[in-house]
Structures are given as C-alpha cells and as structure tokens.
Amino acid sequence: MKCEIIIEKKLVCIWLNRDESADPEVLESLEPIYQKFKSINYLVVVFRSGSRELIGLTSELLRYNRRLLAEREVEAKRHG
C-alpha cells in the first residue's frame, strides 16, 4: 500500500496492488484512515490495481472519447 497526503488540496491518495485490493483485512484497515481524514475535511481516494491490460483499455477509452467529441461537433454544426 502506498499513501500520499496532498495538504494543499486536502487530499489523501492510497494505492493498493492487486493482492491488497483482494485482502479483506487491508480493506478493513482503511476505515480508520477514512474516519481520521473525514474529520478534518480531507478527501480520501483509493486506487485499486486492476486485472485487465492497461494499454488496450486506455486506447479504447481514447478512441471512445474521440468519437464522442466528433459526434458532438457534428451535432453542434447541425444546430447552428
């Protein structure tokens, strides 16, 4: 587990690897962290390692976003 506190943004970032993400004890150990930082108005964000291939998924997401943007541009031209 890696934890980073970004004071100027009132943000706590926690990174869990695949094994940690699947471990109920690790997930339970996060609860006191949530409570501690919630009490001082920080946002806690947990990033969990996935099991799928990152490059392919990122490429798919970029293609989807590009197609969506193109569709919106076409609609904007149609309406004026």
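Residues numbered from 1 in each chain as written. Predicted model: local features only at pLDDT ≥ 70, side-chain atom pairs only at ≥ 80, totals over all residues. Heavy atoms only, no water.

**Examining the packing of aromatic side chains**
Short version of the rule: Only rings of Phe, Tyr and Trp enter the pairing, Trp through its six-membered ring, and a pair is recorded when the two centres are within 6.5 Å. The plane angle decides the type: under 30 degrees is stacked, over 60 is edge-to-face, the rest tilted. Put simply, DSSP marks the helices as runs of H or I at least four residues long and the strands as runs of E at least two long, and each gets a number from the N terminus on. Between buried and exposed lies partly exposed: a residue is buried under 20% and exposed over 50% of the maximum accessible area for its type, with that area taken using a 1.4 Å probe on protein chains only. Should the NZ of a Lys or the CZ of an Arg lie within 6 Å of a ring centre and within 35 degrees of the ring normal, that charge is described as sitting over the ring.
According to the stated counting rule, one finds 2 aromatic pairs in the structure shown. Their ring planes at 15° and their centres at 5.3 Å tell us that Trp15 and Phe47 sit as a pair that is stacked. Pair noted here: Trp15 is in strand E2 (residues 11–16) and Phe47 is in strand E3 (residues 43–48), with a separation of 32 residues, a long-range link. By relative accessible area, which is 32% here, Trp15 ends up partly exposed. Phe47 sits in the partly exposed class, given a relative accessible area of 36%. One residue, Lys2, lies across the ring of Trp15, its end atom 5.2 Å from the ring centre.

**Overview of the sheet that holds strand E1 (residues 2–6)**
Strands belonging to one sheet form pairs held by backbone hydrogen bonds; the direction of such a pair is parallel or antiparallel. How we decide: Any two strands with at least two DSSP-identified bridges between them are counted as paired. Here the axes come from fitting lines to C-alpha atoms, over the contacting stretch only for helices, and the angles between their N-to-C directions go from 0 to 180 degrees. Note on definitions: a residue-residue contact is assigned when non-hydrogen atoms from the two residues lie within 4.5 Å.
Strand order in the open sheet made by the 3 strands is E1-E2-E3, with mixed pairing throughout. The two strands at the open ends of the sheet, each matched to only one other strand, are E1 and E3. For this sheet the average axis-to-axis angle between neighbouring strands, irrespective of direction, equals 15°. In this fold helix H3 (residues 31–38) packs onto E1, E2 and E3, with an angle of close to 150° to the strand it touches most, E3.

**A word on the nonpolar core**
Cut-off, in case you're wondering: Side-chain atoms within 4.5 Å are what join buried Ala, Val, Leu, Ile, Met, Phe, Trp, Tyr and Cys residues into a set we call a nonpolar core.
Formed by Val12, Ile14, Leu16, Val26, Leu30, Phe37, Tyr42 and Val44, the largest nonpolar core amounts to 8 residues. Here this core gets 3 residues from one element, more than from any other, and that element is E2.

**Structural notes on the pattern of salt bridges**
So the rule is basically this: Here, a salt bridge means any Lys or Arg side-chain nitrogen found within 4 Å of an Asp or Glu carboxyl oxygen.
Evaluation of the coordinates by the stated rule reveals 2 salt bridges. One salt bridge in this structure joins Arg67 and Glu71, with 3.8 Å as the shortest N-O distance. Taken as a pair, Arg67 and Glu71 lie in helix H4 (residues 54–78) at a separation of 4 residues, close to a single helical turn. Given a relative accessible area of 49%, Arg67 falls into the partly exposed group. According to the relative accessible area criterion, Glu71 is partly exposed, its value standing at 42%. For Glu75, the salt bridge is made with Arg78, and the minimal N-O distance between the two is 2.9 Å. Of this pair, Glu75 and Arg78 both sit in helix H4, 3 residues apart, roughly one helical turn.

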